[in-house]
Structures are given as C-alpha cells and as structure tokens.
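# A closer look at the structure
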Amino acid sequence: MECRVIGMWGGFPKKNGPCSGYLIQHEDFSLLIDCGSGVLTELQNYADLNNINHVILTHYHYDHFSDIGAYLFSRLVNTHLGRADEELCVYGPEDEDMKKQVEDVAYSRFASFNEKSRLEIGPFICTFMKNIHPVETYSIKIECDSKSIIFTSDTSFTPDLISFAANADLLITECSLYEGMDGIASGHMTSEQAGILAYQSNAKKVLLTHLPHYGDLNELVVSAKRQGNENIVLAESGMLIQL
Ligand SMILES: [Zn+2]
Ligand SMILES: [Zn+2]
C-alpha cells in the first residue's frame, strides 16, 4: 500500500498548493481520500482521473470536498468520450443534498458511512471514528495487506483517537494550530496534541497535515516531536509514502 499526498493546506489552497487530498494505492487499485480545493488539478500529475473510481469525503467543508463537483463532470464527459467505463463512487457522511448533487450527474453514485460502517473498497478495508468538529466529520482507518493508514481529517483532540489510531504504519494527523493555541473552539489540534497522538498511538510514520497559512511550519514538527515520537515530518504535496 502507498499514499501520495496531493494537498495538505487547511482552509484554502495556496498558489499551486491544494487543500486536503490523499491518493491511496495498492497494486492497480486507487482510492482518493478527500477532494478539497485544488486537488483535481494536482491529482493529474500522478494519476489518470478515469482510473480512480472511489472517493471518500471525510466531511463537507470546502477544503475537503469542493473539487468533487468538477470530478463528477469529468466522469460524465470522459464516459461520453469513451475514456472512462466505470461510475464514480462517492462516499461521505449521510446528507440528502450531497446524495442529490452526486446522483444528479450521470455515471456517479453516492453511498453514506458512519462510525459503525466497514467499507470494503477494492483491497482496502475502511473503518471510521466520529470526530469533534463543527460539522459531522470522520477519522478513517484504511487497512490493506497487513498495513494501516490513519487519517484524522479535522478534529479536536480526544483520547479516543489514540486507541483508534493504535500502531498505525502511517498516521496522517491534522496539525492546524501551533502549540499553546486553543483547539477546542475551532475543532482542530495543536502541534503538541498531534505529537501526543503520534507518541501515544505508537505510530511508525507520521505526517502533520492541514497546515496553517502563517508562522514557521518547522515549529510544528519540533513541538510534535518533543512529545516523544521522532518519526514526524510535514506533509508536502507530491510526497509518496510506501508501506
Ligand atoms: Zn479542513
Ligand atoms: Zn473541517
């Protein structure tokens, strides 16, 4: 299993720097996690849009889902052009408006999940934990071939994350805030909390993601590592992690 970081900025994209998107691949099968602003264009540096038929949206904040609409149109057009021959399956928290938006476009379908779901998507088994965030949001565990990836998406810190993420081969943890800031009000984590999660869950590799648009990002790494896990780096667009 491998993970390609497509984008990692929180809230809005930077110039040539997309928001949340992670391409998970095993052998010839691809699964896209989140499709935030800027993801659809960046993704095409690494994959053919027509070869990705499954997209999981962790929640409906624009930095995590805004490019899905254009993805539906790409599937519609490319099916008519004979370049795609499978429907695009979009998975997300239950939402009638989203289901309608997806299924109003031909060659796409929507399926919901919640904290009780266990989705088998190709070689991947996906399970979920409900987050602490202003809208319904889920952390995801993706398991394949005896390896596991945890993506926290957006959440305040909770000890439940430590057991959900236990012994991950790759932990992709949000790190929206600098040490000392308040994550409770906004539904996000500080670098210190991301570090506590990385250490206490015993993650083998850690990416800090959902990065802020201010300050010295290296301070996030220093702060997170101080909690005891040394294998922590900043997520970067294009980065490939092989497990
Ligand atoms: Zn976000
Ligand atoms: Zn959010």
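The following paragraphs examine the structure supplied in this document. Per chain, residue numbering runs from 1 following the sequence as it is written. Chain letters start at A and ligand numbers start at 1, both assigned in the order the entries are written. Where totals are concerned, whole chains, interfaces and linings use all residues; where local detail is concerned, this predicted model gives features only for residues with pLDDT of at least 70, and gives and counts side-chain atom pairs only at 80 or more. To obtain the side-chain values, all non-hydrogen atoms of the structure were included, while hydrogens and water were left out.

Across the six residues that make up strand E2 (residues 21-26), a large majority, five, are buried. Pairing of strand E1 (residues 2-7) with E2 involves five bridges; the strand directions are antiparallel. Across the sheet, the residue bridging to Gly7 is Gly21, located in E2. Inspection of the sheet shows E2 paired to strand E3 (residues 29-33) by five bridges, in the antiparallel sense. Burial status follows relative accessibility: with a 1.4 Å probe on protein chains alone, a residue under 20% of its type maximum counts as buried, one over 50% as exposed, and anything between as partly exposed. To qualify as a helix, a DSSP run of H or I must reach at least 4 residues; to qualify as a strand, a run of E must reach at least 2; elements of each kind are numbered from the N terminus. By this definition, two strands are paired if DSSP reports at least two bridges between them.

So, on to the pattern of salt bridges. By salt bridge we mean one thing: a side-chain nitrogen of Lys or Arg within 4 Å of a carboxyl oxygen of Asp or Glu. Scanning all chains against the criterion turns up six salt bridges. Across the pair Glu87 and Arg109 runs a salt bridge whose closest N-O atoms are separated by 2.9 Å. Of the two residues, Glu87 is situated in the loop between helix H3 (68-80) and strand E5 (88-93) and Arg109 in strand E6 (residues 108-113); the sequence distance between them amounts to 22 residues. Relative accessible area serves as the criterion here: at 37%, Glu87 is assigned to the partly exposed category.

This part covers the coordination of the zinc ion (ligand 2). Coordination of the zinc ion (ligand 2) by the protein comes from His59 (NE2), His61 (ND1), His133 (NE2) and Asp154 (OD), over a distance range of 2.1 to 2.3 Å. If you look at the zinc ion (ligand 2), its four donor atoms make angles of 92 to 163° with each other, and the shape they trace is irregular. Metal coordination here is assigned from N, O and S atoms located within 2.8 Å of the ion, or within 3.2 Å for Na, K and Ca; omission of water means that sites may look incomplete. Here the donor residues of the zinc ion (ligand 2) are spaced in sequence according to H-x1-H-x71-H-x20-D. Between the zinc ion (ligand 2) and the zinc ion (ligand 1), a separation of 3.5 Å is found, and both are coordinated by Asp154. Placement of His59 in the loop between strand E4 (54-56) and helix H2 (62-65) and of His133 in the loop between strand E8 (124-130) and strand E9 (138-144) is noted, with a sequence separation of 74 residues between them. The pair His59 / His133 is uniform in exposure class, with both members buried. Any site counts as irregular unless it has four donors with all angles between 85 and 135 degrees, making it tetrahedral, or four or six donors with opposite ones more than 155 degrees apart and the rest between 65 and 115, making it square planar or octahedral.

On to unusual backbone geometry. Glycine aside, negative phi is the norm for most residues, and most peptide bonds take the trans geometry. In this model, Ser153 sits at a positive phi of 50°, which is unusual for a non-glycine residue. Looking at the element boundaries, Ser153 is found in the loop between strand E10 (147-151) and helix H5 (160-164). Here the phi dihedral of Asn202 falls at roughly 65°; this positive angle occurs in a residue that is not glycine. Relative to the helices and strands, Asn202 resides in the loop between helix H6 (191-200) and strand E12 (206-209).

The next point concerns the sheet that holds E6. Taking strand neighbours across the sheet as the criterion, the seven strands line up as E6-E5-E4-E3-E2-E1-E14 in an open arrangement whose pairing is mixed. Every other strand in the sheet has two partners, leaving E6 and strand E14 (240-242) as the edge strands with one partner each. The sheet shows a mean angle of 20° between the axes of neighbouring strands, taken without regard to direction. In the packing of helix H4 (residues 96-103) onto the sheet, contacts are made with E5 and E6, and the angle to E6 comes to roughly 160°. Note on geometry: axes are C-alpha line fits, over the in-contact stretch for helices, and angles between N-to-C directions span 0 to 180 degrees. Only heavy atoms matter for contacts: two residues are in contact if any of them lie within 4.5 Å across the pair.

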